[in-house]
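Take a look at the letters that make up each chain.
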Amino acid sequence: MGNAGTGSAAAPLRISTTRKLAIGVGDFGCNLYWQTTQLYLLFFYTDVIGLPATTAGLIYMAALIWDAAMDPIVGLIADRTRSRWGRYRPYLVLGGLALAPAFVVLFMGPSSHVAGAVAFALLSQLAFRTLYAVVAIPYASLFARVTHDSAQRGDLTGFRMVCGALAAIAVAALTLPLATALSDGAGGRQGWIIVGAAYGAIATLCLMLTAWGSRGLDVPNEAPSARRPFADVCKSLASNRALQLLLTAIVISSFSSTMFSKNLLYYFKYVVGDAELGSIALAVMALTIVLTTPLWAVALRVIGKRNAWLVGAVPAIMGLVFWHLADGEEIGLLFAALVLQAIGAAAYVVCFWSMLPDTVEYGEWRSGVRTESLVFGLTVLAQKLALGLGAGVLGFALTRFGYLPNVAQSPQTLADIKALMFWAPLVGVLTSASLIVFYPINRRTHAAMVDEIAARTMVASATPSHPA
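Residues numbered from 1 in each chain as written. Predicted model: local features only at pLDDT ≥ 70, side-chain atom pairs only at ≥ 80, totals over all residues. Heavy atoms only, no water.

Asks: Explanation requested: the overall build of the chain in the structure shown.
Replies: For the chain, the count of helices and strands is 16 helices and zero strands. The C-alpha atoms of the chain give a radius of gyration of 22 Å, which matches the 23 Å a tight globule of 468 residues would have. By its C-alpha atoms, the chain is 75 × 40 × 40 Å across when sized along the principal axes. Considering only contacts within the chain whose residues lie at least 6 apart along the sequence, 83% involve residues at least 24 apart. (Helix = DSSP H or I, 4+ residues; strand = E, 2+ residues; numbered from the N terminus. Rg over C-alpha atoms; globule rule 2.2 N^0.38 Å. Contact = heavy atoms within 4.5 Å.)

Below you can see the structure in the form of structure tokens.
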């Protein structure tokens, strides 16, 4: 009966390619924000504003911890939202309009007085992260709502990841060159503000397209379900072994990969001696993710999500080994190493976002309680806590290594940076892959779970209620 039945237990509605693309393009908008802050904000704080590395790392860590704390709150509120627009679409529209100006403000504020710069950087990040959570959590939760079909979720994840990777290419290749070219002299911030405004406008348009593409798929007329006691929700999460394994793997990967990704610009600026080459390197990695994401989406169907994750760990490890062997001198080997790591990263991202919605059904199957937004909120909370802690640890590490911005670094400082970029992500890849070996869901078990949940729902709805 039309699109409104998508969230029911009936046969899954086929979502058109156009609408899949419209839903996936929201990740282009979200990644304009996310990739800019992930790739450049710490560098912006240290090498443009001139904040000490420890201070910059603490600001970044505090903001991500705040962001992480907001995620489950937003998830709980979104779970209880009912409107004629749907459950999640209002957040994309209203939150998306407010997020763009908050993003631009990140690059404003004082530039000479250190105390004022620290306070402004912290407060502007807190405001931006709050609004980002208001948009990002409903957007992520939308993928568990628009369809219960595992194969279509894989397709949607593929569209989403390609769009996100395209945004990563644009951010990596354009941000630093444009910000530098449009700024007034070295260290100027005019160019950063202009770039931020352009990214905000494009991101807003993308979120509006997602709201259009998901119309009718967000179960707009669904009656509010009975609220579950908090103890039942906790029991559901405690019994969800699939979520626990995936969550632990995500936390380890997020923390360890921060030691590589956030060091990359410093590596090319101070080890290789060419900061602009760092932007090219980031763009090459993002382009590789774009080209290989569709292949991993196919691999999900052919060999399964768990096996695809494990296969993807192989090029990631090879890339780290090649990176270590290049030692900052062989540029060709460095870029080959980055391509291999990007191939592994594409597998990781596709598998993660495709596996996470399946853990929602696993938890519902085990406990009878479905809390999709809370699952997404808690997962992103853990991921951001790991990323924030990683940024904070990196700031302390750079200071301990003797890092000083915009000067030649000592040989020992460079050696310490190179060692951190190799050992931390290598341990992370190996540990997370070891956990995923025990992930209990495949396509067959997921389909069986969905059928059993549907049967329970039919029995419950057919059972007449009796007065006390």
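Next comes the rest of the account.
Asks: What's the story with a nonpolar patch on the surface in this structure? I'm lost.
Replies: There is a patch of nonpolar side chains on the surface, built from Leu 174, Leu 178, Leu 182 and Ile 194 and spanning about 300 Å² of accessible area. Of the residues forming the nonpolar patch, the biggest block, three residues, is contributed by helix α6 (residues 150–182). One can find Leu 182 in helix α6. (Patch = residues over 30% accessible without salt bridge, like charges linked within 9 Å, V, L, I, M, F, W, Y side chains within 5 Å. Areas by Shrake-Rupley, 256 points an atom, 1.4 Å probe, with all protein chains shown as cover. Salt bridge = Lys/Arg side-chain N within 4 Å of Asp/Glu carboxyl O.)

Asks: Please explain the side chain of Thr 258 as it appears in this structure.
Replies: In this fold, Thr 258 is placed in helix α9 (residues 241–261). Only 2.8 Å separates the side chain of Thr 258 from the backbone oxygen of Ser 254, close enough to count as a polar contact. When near neighbours in sequence (up to four residues on either side) are disregarded, Thr 258 contacts Asn 263, Leu 387, Gly 390, Ala 391 and Leu 394. (Polar contact = N/O pair within 3.5 Å; in protein donor to acceptor, adjacent residues only side chain to side chain.)

Asks: Would you mind going over the pattern of salt bridges with me for this structure?
Replies: Think of it this way: side chains of opposite charge can pair up when their charged atoms draw near. In the structure shown here, the tally under the stated rule is 10 salt bridges. Lys 269 serves as the salt-bridge partner of Asp 47, at 2.6 Å between the closest nitrogen and oxygen. Taken as a pair, Asp 47 in helix α2 (residues 26–49) and Lys 269 in helix α10 (residues 264–272) lie far apart in primary sequence, 222 residues in all. Residue Asp 67 is joined to Arg 129 by a salt bridge in which the shortest nitrogen-to-oxygen separation is 3.9 Å. Pair noted here: Asp 67 is in helix α3 (residues 53–79) and Arg 129 is in helix α5 (residues 114–145), with a separation of 62 residues, a long-range link. By relative accessible area, which is 0% here, Arg 129 ends up buried. Through salt bridges with shared partners, a single ionic network connects Asp 67, Asp 71, Arg 129 and Lys 384. (Buried < 20%, exposed > 50% of the residue type's maximum accessible area, 1.4 Å probe, protein only.)

Asks: Please clarify how the nonpolar core should be interpreted in this entry.
Replies: Across soluble globular proteins, you tend to see nonpolar side chains buried next to one another. Formed by 95 residues in total, the largest nonpolar core has its most connected members in Tyr 45, Leu 264, Phe 268 and Trp 323. Sequence-distant contacts of Trp 323, that is, excluding residues within four places in its chain, are made with Phe 260, Leu 264, Tyr 267, Phe 268, Leu 334, Ala 337, Leu 338, Gln 341 and Met 421. Within the second largest apolar cluster, 39 residues are counted, among which are Val 233, Trp 309, Val 375 and Ile 436. (Core = buried A, V, L, I, M, F, W, Y, C linked by side-chain atoms within 4.5 Å.)

Asks: It is not clear to me how α2 should be interpreted in this structure. Could you clarify?
Replies: Every α-helix winds through 3.6 residues per turn, so residues three or four apart in the chain are directed the same way. The sharpest bend along α2 measures roughly 50° and falls at Tyr 40. The element α2 is largely enclosed, with a buried count of 24 among its 24 residues. One or two residues past the end of α2 sits Gly 50, with phi positive at roughly 95°. (Bend = angle between axes of the 7 residues up to and from the residue.)

Asks: Looking at this structure, I do not really get the environment of Thr 258. What am I missing?
Replies: What makes Thr 258 buried here is its relative accessible area of 1%. C-alpha separation for the pair Thr 258 and Ala 197, spaced 61 residues apart in sequence, amounts to 26 Å.

Asks: What should I look at first to understand the confidence of the model for the chain in this one?
Replies: Parts of the model with low pLDDT should not have their predicted coordinates read in detail. Of the residues in the chain, 91% have a pLDDT of 70 or more, and the chain-wide mean is 87. This stretch, residues 1–11, has a pLDDT under 50; its non-local contacts, to residues over four places away or in other chains, come to 18 contacts. (pLDDT = per-residue confidence, 0-100.)

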